[in-house]
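Structural overview for review
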Amino acid sequence: MRFDIVTIFPEFFGALDVSLLGKARQAGVIEVGLHDLRDFTHDRHRTVDDTPYGGGAGMVMKPEPWGEALDSVVREDSVIVVPSPAGHPFTQREARELSTREHLVFACGRYEGIDQRVIDHYADRNEVREISLGDYVLNGGEVAAMAIIEAVGRLVPGVVGNPASLTEESHEDGLLEYPSYTKPALWRERAVPAVLLSGHHGAVAQWRHEQQLERTRRVRPDLLSPDLLSTDGSGEST
Ligand SMILES: N#Cc1ccccc1Cn1ccc2ccc(-c3cc(N)[nH]n3)cc21
């Protein structure tokens, strides 16, 4: 998989040189291209923004640099991801979907966003996804793009050493993950749940599922369908 990122702050993505994604890049499992939007301007001040038609506070990103920048990286099979507070909420399901695609292009806006005609132009040619991280406003698309790239990149085969670890995470099965413990067995007079020390794998699995249900009911009841809300984890209705 290849990620291309267009931004006025390419240095923001230095984090993609380290950790899991950095290793995956070195191994050639994923590729990342960084593109400075200002390299696609032609004036002395490398201008990327201007005042909004119709008035209003703030500035809007000009379409011309975006058109030249995206034309330089977009392919026929590219999915163009535009982080936006007006986008649809990003989920683990969408991360899984995007991890199966060959080429993701991230258009990271700043100011009050990108001239709408840019999104409309590329939506005529490519799949364009305007994605929100949540109902709060960031200063630009870079933080959202980094989060999406990490959520998607870690699902690409070969990036995570033990793929089995991906299946027991929050949201993978529609539930929040169970609590985890490691040595020592007693810490500040707090013991690890005895079932986890029992060696009884069936009991451990049952306990973990019950913990997932309890935690999801308590923290994220919105994730639970009515039938799941009514079970106690043993599969029996309550
Ligand atoms: N657009 C816009 C905008 C509109 C009003 C005020 C500030 C901004 C800043 N901004 C510019 C680009 C951009 C990209 C993504 C987000 C974003 C995503 C989530 N989930 N929150 N914020 C914000 C972004």
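Residues numbered from 1 in each chain as written. Predicted model: local features only at pLDDT ≥ 70, side-chain atom pairs only at ≥ 80, totals over all residues. Heavy atoms only, no water.

A word on the site of the ligand
Taken together, 17 residues surround the ligand, and among them P83, S132, L133, Y136 and L138 come closest. Separating a nitrogen atom of the ligand from a side-chain N or O atom of S132 is a distance of 3.2 Å. Between G134 and the ligand, the recorded distance is 3.2 Å, taken from a backbone N or O atom to a nitrogen atom. In the complex, the protein chains occlude 85% of the 500 Å² of accessible area that the ligand would expose alone. No other element matches the three residues that strand 5 (residues 79–89) contributes to the shell around the ligand. (Near = heavy atom within 4 Å. Polar contact = N/O pair within 3.5 Å; in protein donor to acceptor, adjacent residues only side chain to side chain. Areas by Shrake-Rupley, 256 points an atom, 1.4 Å probe, with all protein chains shown as cover. Helix = DSSP H or I, 4+ residues; strand = E, 2+ residues; numbered from the N terminus.)

Observations regarding the side chain of H35
Following the sequence through the fold, H35 ends up in strand 2 (residues 31–36). Among the residues examined, H35 registers a relative accessible area of 18% and is labelled buried. A polar contact of 2.7 Å, which involves the side chain of H35, links it to the side chain of D4. With sequence-adjacent residues up to four places away left out, H35 is seen in contact with D4, I5, V6, T7, F40 and V73. (Buried < 20%, exposed > 50% of the residue type's maximum accessible area, 1.4 Å probe, protein only. Contact = heavy atoms within 4.5 Å.)

Some remarks on the pattern of salt bridges
Applying the stated criterion across every chain, the model contains 15 salt bridges. For R129, the salt bridge identified is with E97, shortest N-O distance 3.0 Å. With R129 in strand 7 (residues 127–132) and E97 in helix 3 (residues 92–99), the pair connects residues that are 32 residues apart, well separated along the chain. For R129, a relative accessible area of 11% gives the class buried. A relative accessible area of 36% means that E97 is categorised as partly exposed. Taken together, the shared-partner salt bridges connect E94, E97, R101, E127 and R129 into one network. (Salt bridge = Lys/Arg side-chain N within 4 Å of Asp/Glu carboxyl O.)

Details of the packing of aromatic side chains
For the structure shown, the criterion picks out two aromatic pairs. Plain terms: the ring middles of F3 and F106 are 6.3 Å apart, the flat faces sit at 35 degrees to each other, and that makes the pair tilted. Taken as a pair, F3 in strand 1 (residues 2–7) and F106 in strand 6 (residues 103–107) lie far apart in primary sequence, 103 residues in all. Taken individually, F3 and F106 each receive the classification buried, so the pair is uniform in this respect. (Phe/Tyr/Trp six-rings, centres within 6.5 Å; stacked < 30°, edge-to-face > 60°.)

A few points about unusual backbone geometry
The linkage connecting K183 with the following residue, P184, adopts the cis geometry, with an omega of 5 degrees. On the secondary structure map, P184 appears in the loop between helix 5 (142–153) and strand 8 (186–187).

With respect to the pairing of strand 6
Across the five residues that make up strand 6, a large majority, five, are buried. On strand 6, burial covers both faces: H103, V105 and A107 on one face and L104 and F106 on the other are all buried. Relative to strand 6, strand 1 runs parallel, the two being bridged by five bridges. Residue pairing for strand 6: R2 is matched across the bridge by H103. In this sheet, strand 6 lies alongside strand 5 in parallel orientation, the contact comprising three bridges. (Pairing = 2+ DSSP bridges.)

Some points on the side chain of N126
Along the polypeptide, N126 turns up in the loop between helix 4 (116–123) and strand 7. If near-sequence neighbours (up to four positions away) are discounted, N126 is found in contact with V74, R75, E76, S78 and I80.

Points about the UniProt feature "binding site: S-adenosyl-L-methionine" (unreviewed entry) in the chain
Cross-referencing UniProt, the feature "binding site: S-adenosyl-L-methionine" (unreviewed entry) maps to G109, L133, G134, D135, Y136, V137 and L138 in the present numbering. Here G109 lies in the loop between strand 6 and helix 4. Those residues in contact with G109 that lie beyond four places of it in its chain are M61, W66, I114, G140, G141 and E142. Residue placement: L138 occurs in the loop between strand 7 and helix 5. (UniProt positions renumbered as here; feature names shortened; annotations may be inferred.)

So, the packing of helix 2 (residues 63–73) against helix 4
Where helix 2 contacts helix 4, the axes come no closer than 9 Å and their chain directions differ by 30 degrees. What the angle tells us is that helix 2 and helix 4 run roughly parallel. The two elements helix 2 and helix 4 meet at a crossing, and its hand is right-handed. Along the contact surface, helix 2 presents P63, W66, G67, L70 and D71, while helix 4 presents R117, V118 and Y122. Along the lines of polarity and charge, the residues of the contact of helix 2 with helix 4 split into five nonpolar, one polar and two charged. (Axes fitted to C-alpha atoms, helices over the stretch in contact; angles between N-to-C directions. Parallel < 35°, antiparallel > 145°, perpendicular 65-115°, else oblique. Left-handed = near helix turned anticlockwise from the far one by under 90°. Nonpolar A, V, L, I, M, F, W, Y, C, P; charged D, E, K, R; others polar.)

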